[in-house]
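Residue strings, one per chain:
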Amino acid sequence: MNWLQNLSTRAKLILGFGVAILFLIIVIAAAIRNISFMQGTQREIVRSDYSNSVDTLMLENREDEVRVSLLTMMGAGSRADKELWHQAIKESTSEFDAIFSRLLERNRDNPAVLSRLTELGKIHSAFRETRDSQLIPLIYGNRLAEAKRLALGVQAARHENMNRIAMELGRNALEKANSNLEASEKSARDSIVIFVILGVIAIVASALIAALLNSIMARPLKEVSEIAGRVASGDLTVSMPGAERQDEVGVLVRTFRSMIERLKKQTREISDAVNMLATSSSQIAATTAELASGTEQTAISVSETTATVEEVKQTATVSTQKARHVSEIAQNAVQ
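Report on the accompanying structure. In this numbering scheme, every chain counts its residues from 1 along its sequence in written order. Per-residue local features are limited, in this predicted model, to residues with pLDDT of at least 70; the limit for side-chain atom pairs, both in listing and counting, is 80 or more; totals at the level of whole chains, interfaces and linings are taken over all residues. Heavy atoms from the whole structure form the basis of all side-chain values; hydrogens and water molecules are not counted.

**Topic: unusual backbone geometry**
Backbone geometry follows two general trends: most residues other than glycine have a negative phi, and most peptide bonds adopt the trans configuration. The cut-off we apply is this: Helix numbers and strand numbers start at the N terminus; a helix is a DSSP run of H or I with at least 4 residues, a strand a run of E with at least 2.
Unusually for a residue other than glycine, N142 sits at a positive phi of about 60°. In this structure, N142 sits in the loop between α4 (111-140) and α5 (144-152).

This is the structure we're talking about:
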């Protein structure tokens, strides 16, 4: 974990938020992937599977309409009625061709369906050829026995084959649609599970990153702040924790520790200077006291000397007076 502590604060923040963003990107990518899959499946269901199912059912209906129209045409009494049902056959056949072309275009990249459609087209071509070149002319010629034999014989077999292929294609398309629908639903369920798992992982990872950043950044800064408050209140007995880490927090701790050590050193130097000053003051006071005492003694000596000089002066004065008196006496005696 030392390598993480030694990273700069910027690198730690980038790493922490980078991990969170990475999980977010993974969640978004998974969401996009699954949503794209579901959209593709739904498009396939709507564009291909259900459309194929509907179109094959419509093909079968148009063939049934043609067969019913042919049988009704055979039972019509007048030529006008026969022509009316013949026109209905043409319209149903035209609709069949449009539906069949649509199926071919939609399934040109689906070899299995395209193969069955090709088979259906061949049978339909043979059915139409026989119908237009043989069966309908027999009906218009009132050769109904031959027409009925042809309609209930080879044409009936071809009609059944076409219906069988159409039903098979429709059933396969419906089964594929249901399969794709189930796959889409499964993908949706899997997406929910994936989102929940990734969400939980992202939350846990974010909580761990937050706790880790708190442990290696916020907590040391809080300790430094508390120690700074104690230093500001005058408490220099604090001790900074060791900080061998190379990031900004480590630099701050080492700088603050150096500052405290300098403050302690300056305080000790000031205290020593104050003590020295106090000692010097005591010595100066003692010297002053001694000087005062010496001055007093000198004054006493001067006073005593002055008194002695005064006594000497008085003695000299007396002696002078006595000498003068003796001189006067001597002079009187001479006279």
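**Focus: the layout of surface pockets**
Let me state the cut-off plainly: Buriedness for pockets is judged along seven lines, at least five of which must meet protein on both sides within 12 Å for an open set on the 1 Å grid over protein atoms alone, while cavities are sets there where a 1.4 Å probe fits but cannot get out, and lining residues have an atom within 4 Å of a point. Grid points are joined across faces, edges and corners, and a volume is the space filled by probe spheres set on the points.
The volume enclosed by the largest pocket comes to roughly 170 Å³. Together, 15 residues line the largest pocket, and N110, V113, L169, N172 and A173 are the ones closest to its centre. Counting only elements with at least two residues in the lining of the largest pocket, the list comes to α2 (9-75), α4 and α6 (154-232).

**Comments concerning the pattern of salt bridges**
Quick note on the threshold: What counts as a salt bridge is simple: a side-chain nitrogen of Lys or Arg found within 4 Å of a carboxyl oxygen of Asp or Glu. In this scheme, a residue with accessible area under 20% of its type's maximum is buried, one over 50% is exposed, and one in between is partly exposed, where area comes from a 1.4 Å probe on protein chains only.
In total, this model carries twelve salt bridges according to the counting rule given. Among the ionic pairs, R131 bridges to D132, the shortest N-O distance being 2.9 Å. Residue classification places R131 among the buried residues on the basis of a relative accessible area of 3%. According to the relative accessible area criterion, D132 is partly exposed, its value standing at 38%. Within this structure, D55, R102 and R106 form a network of salt bridges that share partners.

**Quick notes on empty space enclosed by the protein**
Here is the rule: Gly is placed with the polar residues, together with every amino acid not listed as nonpolar (Ala, Val, Leu, Ile, Met, Phe, Trp, Tyr, Cys and Pro) or charged (Asp, Glu, Lys and Arg).
Enumeration over the complete set of coordinates arrives at one cavity of 30 Å³ or more. Here the largest cavity is characterised by a volume of approximately 40 Å³. Taken together, R67, L70, L71, F127, L135, A151 and Q155 make up the full set of residues lining the largest cavity. Going through the elements one at a time, α2 and α4 are the ones with two or more residues in the lining of the largest cavity. Broken down by element, the lining of the largest cavity gets its largest block of residues, three residues, from α2. In terms of residue class, the lining of the largest cavity is built from five nonpolar, one polar and one charged.

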